[in-house]
Structures are given as structure tokens and as C-alpha cells.
Amino acid sequence: MFRKLRNRFLILNMSITSLMMLVAFAAIYFLTYSNTQAEIQKTLNPSSGMVLSIKGPDLPKEPNKEIGSTAQVFSGDSSLFEIDVDAHGKILNINSSLGLSDEEYKKAAETAWNNKQGGSITLEGRQWQYAISQMKEQVIQANGQQYTVTENQYRIMYLDVTESYKSLFELLARLIIVGSFMLIVIFVISLYFANRAIKPITETWEKQKQFIANASHELKTPLSIINANYDALLVNQEETIKSQMKWLDYIKIGTDRMTKLINDLLSLAKVEDANFAEDKIPFNMSDAINDVILSMEALMIEKGIKLSQSIEPDIIIKSDSERVKRVVTILFENAVKYTNEKGQIAISLIKSKHQVIYSIKNSGKGIAKEDLPKVFDRFYRADPSRTHDRGSYGLGLSIAKTIINNLGGEINVSSVENEYTTFTFTLGL
Ligand SMILES: Nc1ncnc2c1ncn2[C@@H]1O[C@H](COP(=O)(O)OP(=O)(O)O)[C@@H](O)[C@H]1O
Ligand SMILES: [Mg+2]
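Everything numeric here is computed off the predicted structure, so don't read it as measured data. (Residues numbered from 1 in each chain as written. Chains lettered and ligands numbered in written order. Predicted model: local features only at pLDDT ≥ 70, side-chain atom pairs only at ≥ 80, totals over all residues.)

(A) Spotlight on helix 4 (residues 162-235). Helix length check: helix 4, at 74 residues, gives a terminal C-alpha distance of 105 Å against a target of 110 Å (1.5 Å per residue), a fit within 8%. At Lys 199, helix 4 is bent by approximately 30 degrees, the largest bend along its length, and proline Pro 200 sits one to four residues beyond. Of all 74 residues in helix 4, 3 are buried, a share of ten percent or less. Taken as a whole, helix 4 has its buried residues at Glu 218, Pro 222 and Asn 229. (Helix = DSSP H or I, 4+ residues; strand = E, 2+ residues; numbered from the N terminus. Expected span 1.5 Å × (residues − 1). Bend = angle between axes of the 7 residues up to and from the residue. Buried ≥ 20, exposed ≤ 12 C-beta atoms within 10 Å, placed from the backbone.)

Encoded structure:
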């Protein structure tokens, strides 16, 4: 399930990155391509000084001359040549410093003439781009003489674009290589982050599953007690209720436990509900704690526990009084429950500059060092077999921790085995 989620996340991520990279690279390529084309067109454009490059004395060339003898030395530039043709595409004049054969020139002229829009042609392994322009009648000054370039002539200019095309191709190849490499790198990074993003979800999911399993397991015990005692009652149907009180009491114990567990589960669900806002209003925390102590008095007397307290009077904090009281009660109940007979409990509440510190210490067996980090876990009990019949489900401390954390405070435990256990929490004023 999470694998699927992660993969979807990955695919989405990769598609967006690939698309963006494709657009960026296409833009780079397109810009370079159009720049190259613009350069080529600039050179092929007749207004770019083409006429000046024509050697004076050979102008104008007589029409209908033999092709071979018309080849001209074309200003020594081997990346350019020109062919002049008449209105029928017939070669009139060739200006070229290249040693191409007549056949090649003819082929070049024909190809260009047949495709007047412009294009390119391969001659002896090199690529030439051409452009045709109609020559206007004009007078050219060269070598102190005047020449007239006449009427219906066309000039085809060829530019060697082999290198430009080669660099364009190289650019494309580089973009593809860099692009693929980057995609691989991005994939690895995305995979890493996708796994990391998924991890807390998986953990929460596992925790939730564990929680449901634990809760169901805990509910099973009281249910089987109720069932077994109901069966016992069925066997003795003729008896009076009074004589069967034993079974009925067991059933009551079962329902009481279930009630306690369900109440714990409900309050855990409630305090963990992120949408549930605490109503933080100022209240007298010292009084609240004294109330809890009063309610616990009977239990303490029953167990012969000695209580010492140092509670600063009239400490006012802005918090959720009901929940703070709940935490104090949970910690107090634990202290009473886990202290030894005739043990001691010490409570203190002090106020510092920015917070109040509440702590409750009880004598007794304490908690083993390795168990300390686990006591706030749901359903954790140091000694499940012993605590079971007292209706302990190991939810109290996780409820307390959730409440304190939601109220912006911190809760901690420290313990020395066979001596004492102390729970401390802080809350902002
Ligand atoms: N004051 C304490 N002294 C010693 N052990 C404690 C104390 N409070 C809690 N514990 C240990 O932490 C466990 C979890 O406590 P809690 O979440 O309140 O569950 P429960 O009280 O239902 O067992 C207890 O089972 C007990 O082993
Ligand atoms: Mg408890």
C-alpha cells in the first residue's frame, strides 16, 4: 500500500522534473538553432556585402559560356560560393574558390533552382545551405571601372554549414547525455526523499494497527469473563439470585473493566484529536491540585500512604483546567497504585519565570532503566500479569503525555529501582 503511494509520488515527481527539463533543454536548443540559422541567413542575405566580394574585372560574365571556364576564384573564402543563373536556371557564372567539378556545380544549381525557398545540399561530404535572390540591375564600382549587373539574373549563394550543423548536433547530443544523467540523479534523490516522506506514515500506520490489535486483545479478557460466568449461571437456573451472587459479581468486574478500557480509549482518541482545541483560560492550578489530593485521600488512607506536599499557593496559569486536572489525577493514581504499602508520596508545585513545574514522587519498586522510555507508550505495563486484575491497561501515561504535549508542556520520568519514581511536567504560564 505504501509502496504504491511512494511510487505514485515518484512518478509524479519524475514527470514534472522531466517535463521541466525537456522544456528548458528544448528552449536552449531552439535558441541556439535559431541563432545559427540567423547567422547563416545573414551571410546568405544579398545585402550583406555579397556584391563587394565579386572580383571586379570578371564582371559581368558573358552568358552561355562553358561552365568550366566560368569558375572564378572567389575571394579566397572556401566556405562560400555563388552561382549566377538566368531566368531558366541556366548557369551564367560561378564565383568559387573551391575545386569542385562542373558536375557538382551543375547539381548545386539545379537543386537550388528546383527549390527556390532555399534549403541545403551535400557536395563532397560537406553541407551547403543556399539562398536565391534576384539581382537588380545595378552599377558596380570596382578597380576604377564601372560594371553593370544585368536584368533577369539570379544569384544563388552557398554557405558551408557543415560545422554549424555539427555543433548543433553536438549540442543536442550533450543535452541528451546531460539530461539522462540528471534524470538518473533526480530519480535517486526523489527515491530517497519519497522513502523518507513515507516513513512516518508507515510508522503511524503500524502503530495504529498495533493499537487496534492491543485494544481488541484487552477487550477479549473481560468479555470471556462475562461469558464464562454467564454460562455458570445458566447451569444453575433453579437457584436464587442471592446464591449465585458470586457469578454476578464476576460479571460486574468484567463489565467494569470494559467500561474502564473503553473510557480510556475514548479519552485517548479525544486528546489525540488534532481538531479538538483546548480552551485555555486562566485558572488556579494550586487549587486544582488540592482538589485532586482531596479526592485521593481515601485511597491513600486505605494503603497507609504518607503524603508530603509543597504546593505554592495561588499559582495561576492559562491552560485547559480539565485536562491539567486529568493529568494530575493519572499521575496521582499511578503513584498510589505503584507505591508500596505504607509508602510515601511527595508532591510539589513551583513557579519559575516562564512556567510551572509539577512533580510527584512515590516510593516503591520503581521502574527499570530500560523500561523508562517505554512507560509513555500505549498499552505499556511494566508488569502486565500483576497489573491486569487492577484494571490497568497502560493507557494512562500516554493520555497524560498527549495532553501535556498538546498544551505545550513537557513530561518526564525518572526512577531508581526499589527506591522511588518521579514524574515531572512543566506548563507555560
Ligand atoms: N508511579 C509509578 N511508579 C512505578 N511505576 C509506574 C508508575 N507510574 C507508571 N508506572 C509504570 O508505567 C506503566 C504504565 O503506566 P500507565 O500508562 O498509567 O498504565 P497503567 O497504570 O494502566 O498500568 C505501569 O504499568 C507501571 O509499570
Ligand atoms: Mg495508570
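Okay, back to it.
(B) Molecular detail of the site of ligand 1. Taken together, 19 residues form the shell around ligand 1, and within it Tyr 338, Ala 382, Ser 392, Gly 396 and Leu 397 come nearest. Breaking the shell around ligand 1 down by element, the ones donating at least two residues are helix 7 (321-338) and helix 9 (396-406). Top contributing element to the shell around ligand 1 by residue count: helix 7, with 3 residues. Considering only residue class, the shell around ligand 1 consists of 9 nonpolar, 8 polar and 2 charged. (Near = placed C-beta within 6 Å. Nonpolar A, V, L, I, M, F, W, Y, C, P; charged D, E, K, R; others polar.)

(C) Region of interest: the pairing of strand 10 (residues 306-311). Where burial is concerned, little of strand 10 is hidden: 0 out of the 6 residues are buried. Across 6 bridges, strand 10 lies against strand 12 (residues 344-351) in parallel orientation. The partner of Gln 309 across the bridge, within strand 12, is Ile 347. (Pairing = 2+ DSSP bridges.)

(D) Representation of the packing of helix 4 against helix 5 (residues 245-272). As a packed pair, helix 4 and helix 5 sit with axes 8 Å apart at the nearest point and diverge in direction by 160 degrees. As far as their axial angle goes, helix 5 and helix 4 are roughly antiparallel. Like other packed secondary-structure pairs, helix 4 and helix 5 cross with a definite hand, here left-handed. Contact residues: Ala 215, Glu 218, Leu 219, Pro 222, Ile 225, Ile 226, Asn 229, Tyr 230, Ala 232 and Leu 233 in helix 4; Trp 247, Tyr 250, Ile 251, Ile 253, Gly 254, Thr 255, Arg 257, Met 258, Leu 261 and Leu 265 in helix 5. (Axes fitted to C-alpha atoms, helices over the stretch in contact; angles between N-to-C directions. Parallel < 35°, antiparallel > 145°, perpendicular 65-115°, else oblique. Left-handed = near helix turned anticlockwise from the far one by under 90°. Contact = placed C-beta atoms within 7 Å.)

(E) Expanded view of the nonpolar core. Of all hydrophobic cores here, the largest spans 33 residues; its most connected members are Val 327, Leu 331, Ile 360, Ile 399, Ala 400, Ile 403 and Ile 404. Counting residues per element, this core draws most heavily on helix 7, which supplies 7 residues. Each residue touching Ile 404, except ones within four places of it in the same chain, is listed here: Val 327, Gly 409, Glu 410, Ile 411 and Phe 425. Formed by 23 residues, the second largest nonpolar core is a distinct cluster that contains Ala 112, Trp 128, Tyr 154 and Ile 156. (Core = buried A, V, L, I, M, F, W, Y, C linked by C-beta atoms within 7 Å.)

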